[in-house]
Amino acid sequence: MADLRVVGRSHPRVDGLEKVTGAARFSPDVKLPRMIVGKILRSPHPHAKILHINASRALRLPGIKAVVTAEDTPKAKVNSAATYYFEERGAKNVAPTPMVMDQTVFCGDVARFVGDEVAAVAAVDEETALEALSLIKVDYELLPPLFDPLKAMEPGAPLLHEAERNIAYKFVIRRGDVEKGFAEAHVIHEDTYTTQLQHQAYLGPTACVADVDGSGRVLIWTELQSPFRARRLLCDMLGLPAAKVRVFQTHVGGGFGGKHFKRLQPISALLALKARRPVRLCLTREEEFMSSPPRHATHIRLKMGASRDGTLVAKETHIVLNSGAYGEVGPIILDTMTKRVDTLYRFTNIKTDSFLVYTNTVPGGAFRGFGNPPMDFALESHMDMLAEKLAMDPVELRLKNARRVGEISAHGWEVKSCALTECIEKAADAARWKEKRAKHKLAGGKARGVGIGCMIHVSGCRYYPGFYGSNAVVTIGDDGQVYLFSGESELGQGCKTVMAQIVAEELGICLEDIVVPDLDTDFSPYSLGAYADRTTHIGGNATRLAAIDARAQLFEFAAEMLEADPADLVARDRKIFPKGSPQRAVTFQEVARRSWFHAGGKEIVGRGSFDPPSVPPDPETQYGNVSSAYTFGAQIAEVEVDRKTGKVTILNFAAAHDVGKAINPMAVEGQIQGALVQGAGYGLMEDMVGIDGRTYNPNFLNYRLPSIMDVPAMNVMMVESNDPVGPYGAKGVAEPALVATAPALANAIYHAVGARITSLPITPQKILAALEAREPREKGRSE
């Protein structure tokens, strides 16, 4: 691939200019004639039966145009994460396993968390809509709430849904012989880890504009990671056929897993249907924290054993994932926590019991890393403690057990490309690991330390049978302009730019020759959307195939003009010519015009479809190669800890990531840098503080996020393993780069001050408490 001219080079984003000039249209910017404002009435109680809703006073309010409740819906139960596939034996769309179907548009008879949607109104302005909400009388019967998932699992606990012991889903995994492994272990370490709710904290709150056209079609303008899945869910929740729903993708003000689908969208549509006017519904920042699904809180008990030479011989895990009030993506996140880290190292003896448990808290959902960060925090913290017991360097322990190319994990994951060892070595060299581990700097009550964290992730993850691919269409216009239609979502991650680079590479043109329209479910080809780091790896392959198809058609016309064999032609620098004869070239524009206007011509439409060669897990054994490419990486953090205050200052990050092939190196570097900052927030400060089911810091004033003052120097290294399946060898990188940050920080803090913190975030208060608890033990040992 040495002759690549566009792919592998840094390019500014194709949508960058409209964003920096303010021309980009986000969903709150959509303005339609006669548009009115929607607002949602939410439950003030964590658990309550809804006896009666009286909206008569609200309906009499001047300016009110519609009030909707559960009685205005089909009450169909869905799951916002559901993806549909076509059964071979029938024509029925069904939700895949694992999935929990427990959500309706409104909460219906029972409100299960503070913020649960009860009703909604539409009015001529926001003030009138808010007043109308205050006039709706809801009679509640309070029910006993459950906030702790461990207590919710106890026999006799109140049931929040029809799930025994409130267990929405569970996995039981057995591989090899764990008991024998522990019996043969030279050292064993066991500990318990807990992680917090973390909000995606995107800058643009979720909004939706809904309208109904003259034929009764529902039109939706909103920001989505999976527009086609959202259309399907809208149809199910509203009882409409797909032909009656059209979704327009607007620019997305940040997603990070938090903008797949929300009740906001069907509620907006219901209001528009009832009012027969366009409705705009925008969540406030407080509503985002109150009702949008954050990263789940977890409780992990981990036990691992290693032989004298450091070989990992046994791993036993007990996981409780706090689902919150509904299942959402909980079963799939639980699957991620249960199995993914087992392919990072060469585990053979594995015992895992994991549980998704309902509570009366905000439902957890997708967040960058998707269940991987909390489990990686536990595993990588554990690796350092095993290394200490073995008197072994943490880097050496990881190199000893690192996954390698050609191996198949205990769960059937086939590793076709892997640069984990190289990532560990590069990160260690860049961080001057050996030097800084040996020198323990201490000055003025401040100590420095370095710590490592490694990770594995997927490039798409097939949890179910059926189509898991992507489609793309490339058309060539009458003046040589090229249009790329993709079903993949641009979230700000640079998807449009990467896809345009692929098209430009295959057609031999420039990025500025390519138009990438916003996604529209009426015209864009079907794809599953942006999650599981699938966009570049899977969507990029579909785009490349579409461009190759368009090129083949274009070469037929060029061959006539050049009197050459199409197979001998080359496209480069906006020209087409026979191999070795650039002097005979015709321009790309000339050939495009010939295809349009010459007798016998046609519009060139290239189509590409790519369904990756992955295998869903067997429902019984959970064995299957779920991704066509796995990503690996290593991060080293250097920190300074003030022993007097517990404050942690991050001094440096060295991050080496196996990206397969960096299609746009500048964008890849940006993704890794952003993920490091987000991972630092997860590790050190971000925490949705909940008391009795209420969030007490529902805004950016009180929910602490990393600022520019917290961001250290970052040494980003892209390691190219050239995956055999990905386009030009590319793998996903947006999610993986966040996964290892928290454990790298935790291990660095331990190296600095000897305080092992096993709960996130690692706050100054926790460090001081750990240091105070440690000092009496050290004093006792010295005496």
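To be clear, the structure that these remarks concern was listed above.
Cut-offs used in this document
- Residues numbered from 1 in each chain as written.
- Predicted model: local features only at pLDDT ≥ 70, side-chain atom pairs only at ≥ 80, totals over all residues.
- Heavy atoms only, no water.
- Patch = residues over 30% accessible without salt bridge, like charges linked within 9 Å, V, L, I, M, F, W, Y side chains within 5 Å.
- Areas by Shrake-Rupley, 256 points an atom, 1.4 Å probe, with all protein chains shown as cover.
- Salt bridge = Lys/Arg side-chain N within 4 Å of Asp/Glu carboxyl O.
- Helix = DSSP H or I, 4+ residues; strand = E, 2+ residues; numbered from the N terminus.
- Buried < 20%, exposed > 50% of the residue type's maximum accessible area, 1.4 Å probe, protein only.
- Pairing = 2+ DSSP bridges.
- Core = buried A, V, L, I, M, F, W, Y, C linked by side-chain atoms within 4.5 Å.
- Contact = heavy atoms within 4.5 Å.
- Phe/Tyr/Trp six-rings, centres within 6.5 Å; stacked < 30°, edge-to-face > 60°.
- Lys NZ or Arg CZ within 6 Å of the ring centre and 35° of its normal.
- Axes fitted to C-alpha atoms, helices over the stretch in contact; angles between N-to-C directions.
- Parallel < 35°, antiparallel > 145°, perpendicular 65-115°, else oblique.
- Left-handed = near helix turned anticlockwise from the far one by under 90°.
- Nonpolar A, V, L, I, M, F, W, Y, C, P; charged D, E, K, R; others polar.
- Expected span 1.5 Å × (residues − 1).
- Arc of directions from axis to C-beta.

A. Looking closely at a nonpolar patch on the surface. A surface patch of nonpolar side chains, about 280 Å² in accessible area, is lined by V689, I691 and Y696. Considering the arrangement of structural elements, one finds V689 in the loop between α17 (665-684) and β29 (690-691). Residue class for V689 comes out partly exposed when judged on its relative accessible area of 38%.

B. Examining unusual backbone geometry more closely. In this structure, P761 follows L760 across a cis peptide bond, with omega equal to -5 degrees. With respect to the element layout, P761 can be found in the loop between α19 (741-753) and α20 (764-782). We note that E328 has phi near 45 degrees; this positive angle belongs to a residue other than glycine. Along the chain, the position of E328 falls in the loop between β16 (312-324) and α9 (330-339). Look at E328 and you get buried, because its relative accessible area is 8%. Unlike most non-glycine residues, E563 shows phi in positive territory, near 50 degrees.

C. Summary view of the pattern of salt bridges. Going through the model one piece at a time under the given rule, you end up with 40 salt bridges. D72 is paired through a salt bridge with K274; the nearest N and O atoms lie 3.0 Å apart. Linking D72 in the loop between β3 (64-68) and β4 (85-86) with K274 in helix α7 (residues 264-275), this pair joins segments that are 202 residues apart in sequence. Classification of D72 by relative accessible area gives partly exposed; the value is 32%. Classification of K274 as partly exposed rests on a relative accessible area of 44%. Residues participating in the shared-partner salt-bridge network are R42, D116, E117, R263 and E287.

D. Just the pairing of strand β20 (residues 470-476), in detail. Summarising burial for β20: 7 of the 7 residues are buried, a large majority. In β20, alternate side chains face the same way, and those of S470, A472, V474 and I476 on one face and N471, V473 and T475 on the other are all buried. Both β20 and strand β26 (residues 604-610) contribute to a ladder of 7 bridges, which runs antiparallel. By the bridge assignment for β26, A472 is matched with G608. Taking the residues that link successive antiparallel strands as the turn, the β20-strand β21 (residues 482-486) hairpin has 5 residues, and the phi of G480 there is positive, at about 90 degrees.

E. Region of interest: the nonpolar core. V482, I514, I576, I636 and I749 are the most contacted members of the largest nonpolar core, which has 157 residues in total. Per-element accounting of this core gives the leading share, 11 residues, to helix α15 (residues 535-562). Ignoring anything within four residues of it in the chain, the contact list for I514 reads V482, L484, A500, V503, A504 and I509. Counting residues in hydrophobic clusters, the runner-up holds 35 residues, among them I220, L234, F261 and A269.

F. Highlighting the packing of aromatic side chains. Tallying each qualifying case throughout the model produces 13 aromatic pairs. Judged by centre distance (5.4 Å) and plane angle (55 degrees), the ring pair of Y169 and F171 falls under tilted. With a centroid separation of 6.0 Å and 40 degrees between ring planes, the pair formed by F467 and Y526 is classed as tilted. A residue pair is termed long-range when its members are at least 10 positions apart, and F467 in the loop between β19 (446-458) and β20 and Y526 in the loop between β22 (514-515) and α15 qualify at 59 residues. One aromatic cluster is present, formed by F228, F467 and Y526 through successive ring pairs. Above the ring of Y682, the side-chain terminus of R295 is found at 4.8 Å from the ring centroid.

G. A look at the sheet that holds strand β15 (residues 298-306). Spatially, 5 strands are ordered β9-β17-β16-β15-β10 in an open sheet, and the strand pairing comes out mixed. Here the strands that pair on one side only, and so sit at the sheet edges, are β9 (167-175) and β10 (187-195). Adjacent strand axes in the sheet meet at a mean angle of 5 degrees, parallel and antiparallel pairs treated alike.

H. The sheet that holds β3, seen in detail. Read from one edge of the open sheet, 7 strands run β3-β7-β1-β14-β11-β12-β13, paired in mixed fashion. This sheet does not close on itself; its edge strands, each paired only once, are β3 and β13 (245-249). Each strand axis lies, on average, 25 degrees off the axis of its neighbour in the sheet, ignoring direction. Bridge count between strand β11 (residues 207-212) and strand β14 (residues 279-282): 4 bridges; the pairing is antiparallel. Residue pairing for β14: V209 is matched across the bridge by R280. Contacts from α7 reach β1 (36-42), β3, β7 (117-123), β11, β12 (218-222) and β14, with the element oriented near 30 degrees to β11.

I. Representation of the packing of helix α11 (residues 394-401) against helix α12 (residues 420-431). Where α11 meets α12, the closest approach of the two axes is 9 Å, and the angle between their N-to-C directions is 165 degrees. With respect to α12, the axis of α11 lies roughly antiparallel. Note on packing geometry: the crossing formed by α11 with α12 is left-handed. Every residue of α12 that contacts α11 at V395, R398 and L399 is listed here: T421, I424 and E425. Among the residues making up the contact of α11 with α12, the classes are represented as 3 nonpolar, 1 polar and 2 charged.

J. Here's a closer look at the pairing of β13. Among the 5 residues of β13, 5 are classified as buried, and the element is accordingly described as predominantly covered. Here β13 shows a buried face lined by V245, V247 and Q249 and a second buried face lined by R246 and F248. Relative to β13, β12 is paired through 5 bridges, and the arrangement is parallel. Opposite V218, over in β13, you have V245 as the bridge partner.

K. Region of the structure containing α12. The terminal C-alpha atoms of α12, which comprises 12 residues, lie 16 Å apart, in line with the 16 Å expected from a rise of 1.5 Å per residue. All of the buried residues in α12 are L420, C423, I424, A427, A428 and A431. Looking straight down α12, one finds that the buried residues subtend no more than 125 degrees of arc, so they occupy a single side. Where α12 ends, the next residue or the one after it, R432, has phi of about 55 degrees, a positive value.

L. Region of the structure containing the packing of α15 against helix α16 (residues 588-597). At a minimum axis distance of 9 Å, the contact between α15 and α16 shows a crossing angle of 100 degrees. When the interaxial angle is binned, α15 and α16 end up roughly perpendicular. Between α15, through L554, F557, A558, E560 and M561, and α16, the contact on the second element is made entirely by F588, E590, V591, A592, R594 and S595. Looking at side-chain class alone, the contact of α15 with α16 contains 7 nonpolar, 1 polar and 3 charged residues.

M. Up close: α7. With 12 residues, α7 should reach 16 Å at 1.5 Å per residue; the first-to-last C-alpha distance of 16 Å fits that figure. In terms of burial, α7 is largely enclosed, as 10 of its 12 residues are buried. Taken together, the buried positions of α7 are L264, Q265, P266, I267, S268, A269, L270, L271, A272 and A275. In the segment just after α7, R276 is the residue with positive phi, at about 55 degrees.

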